[in-house]
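So you can see what is in the structure, the chains are spelled out below.
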Amino acid sequence: MATDLQRIEAFIKKHHLLSLSTMGETLWCCSLFYAYDTAEAAFIVASDRETQHMHNVSLNPFVAGTVAWETKTVGKIQGIQFSGEMEKIADHSDQASLYLERFPYARVMNPTLWKITIHRIKMTDNTLGFGKKITWSREI
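Just so it is clear, the structure is predicted and the values come from calculations on it, not from any experiment.

Cut-off values and rules
- Residues numbered from 1 in each chain as written.
- Predicted model: local features only at pLDDT ≥ 70, side-chain atom pairs only at ≥ 80, totals over all residues.
- Heavy atoms only, no water.
- Helix = DSSP H or I, 4+ residues; strand = E, 2+ residues; numbered from the N terminus.
- Rg over C-alpha atoms; globule rule 2.2 N^0.38 Å.
- Buried < 20%, exposed > 50% of the residue type's maximum accessible area, 1.4 Å probe, protein only.
- Contact = heavy atoms within 4.5 Å.
- Lys, Arg positive; Asp, Glu negative; His and termini not counted.
- Charge placed at Lys NZ, Arg CZ, Asp CG, Glu CD.
- Patch = residues over 30% accessible without salt bridge, like charges linked within 9 Å, V, L, I, M, F, W, Y side chains within 5 Å.
- Areas by Shrake-Rupley, 256 points an atom, 1.4 Å probe, with all protein chains shown as cover.
- Salt bridge = Lys/Arg side-chain N within 4 Å of Asp/Glu carboxyl O.
- Arc of directions from axis to C-beta.
- 1 Å grid on protein atoms, 1.4 Å probe; cavity = no way out; pocket = protein on both sides within 12 Å on 5 of 7 lines; lining within 4 Å.
- Points joined across faces, edges and corners; volume = space filled by probe spheres on them.
- Nonpolar A, V, L, I, M, F, W, Y, C, P; charged D, E, K, R; others polar.
- Core = buried A, V, L, I, M, F, W, Y, C linked by side-chain atoms within 4.5 Å.

Asker: How would you summarise the overall build of the chain if you had to cite specific residues and measurements?
Answerer: When its secondary structure is counted, the chain shows 3 helices and 7 strands. In sequence order, the chain lays out its α and β elements as α-β-β-β-α-β-β-α-β-β. Radius of gyration (C-alpha) of the chain: 15 Å, near the 14 Å computed for a compact globule of 140 residues. A buried classification covers 41% of the 140 residues belonging to the chain. Of all intrachain contacts in the chain linking residues separated by at least 6 positions in sequence, the fraction that spans at least 24 positions is 64%. Once the 15 positive and 15 negative side-chain charges of the chain are each reduced to a mean point, those two points are 10 Å apart.

Here's what the structure looks like:
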């Protein structure tokens, strides 16, 4: 039987776009492509340092976001809400390789890559019953 984290990760691995919220001098949000690092329970994303959301992260590394399945069928609704901490990763790390394997066209852009270490996730999964919630928190 799958653990709560395994159920959540199975959903995460089926998708590639997250919505990220940041808070610094202002509240801001954006959408980012991601690769998922199972070993560290972390999203790997690419973003330019000059964006508003990355300026916010330089002031406050704590972020929140969502990944959602878009459907009008109530019984198929699935999605996660997460919170975590964001930091730059080394260009030639295993996590950078993970991102570039998932999005090989990004290599030519030479992106700045970031890791969002997940602290907490809440998943809504109506395929398991209306309003079913699954949660996971990192032990700190």
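Asker: Quick rundown of a nonpolar patch on the surface? Include the residues and the values.
Answerer: Together, Leu17, Phe33 and Tyr105 make up an exposed nonpolar region whose accessible area comes to about 310 Å². Along the chain, phenylalanine 33 falls in strand S2 (residues 27-37). The class for phenylalanine 33 is partly exposed, based on a relative accessible area of 38%.

Asker: Hey, could you go over helix H3 (residues 94-102) for me, with residue numbers and the actual values?
Answerer: Among all positions in H3, only Gln95, Ala96, Tyr99 and Leu100 are buried. Within H3, the buried residues cover an arc of 135° as seen down the axis, which keeps them to one side. Turned more than 90 degrees off the buried face of H3, the exposed positions are Asp94 and Glu101. Packed against the buried residues of H3 are S2, strand S3 (42-46) and strand S6 (113-125).

Asker: Just give me the short version of helix H2 (residues 52-59), but keep the residues and values in it.
Answerer: Listed as buried for H2 are His53, Met54, Asn56 and Val57. Seen from one end, H2 has its buried residues packed into an arc of 155°, which puts them on one side.

Asker: Before we move on, can you summarise the pattern of salt bridges with the specific residues and values?
Answerer: Applying the stated rule across the entire model yields 2 salt bridges. Between glutamate 40 and lysine 115 there is a salt bridge whose closest N-O contact spans 2.9 Å. With glutamate 40 in the loop between S2 and S3 and lysine 115 in strand S6, the pair connects residues that are 75 residues apart, well separated along the chain. Using a relative accessible area of 35% as the deciding quantity, one classes glutamate 40 as partly exposed. For lysine 115, the salt bridge is made with glutamate 87, and the minimal N-O distance between the two is 3.6 Å. Here lysine 115 is found in strand S6, whereas its partner glutamate 87 is found in strand S5 (residues 78-88), with 28 residues between them in sequence. A relative accessible area of 11% means that lysine 115 is categorised as buried.

Asker: Lay out the layout of surface pockets with the relevant residues and their values.
Answerer: By volume, the largest pocket is sized at about 150 Å³. Lining the largest pocket are Leu32, Phe33, Ala46, Ser47, Asp48, Tyr99, Tyr105, Ala106, Met109, Pro111 and Thr112. The residue inventory of the lining of the largest pocket, partitioned by class, reads 8 nonpolar, 2 polar and 1 charged.

Asker: I'd like a description of the nonpolar core, backed by residues and values.
Answerer: Counting residues in hydrophobic clusters, the biggest one holds 27 residues, and the most contacted among them are Leu18, Leu20, Phe43, Ile80, Phe82 and Met86. The dominant element in this core, judged by the number of residues it contributes, is S6, at 5 residues. With residues near it in sequence (within four places) discarded, isoleucine 80 still touches Ile8, Phe11, Ile12, Phe43, Gly65, Thr66, Val67, Ile121, Lys122 and Met123.

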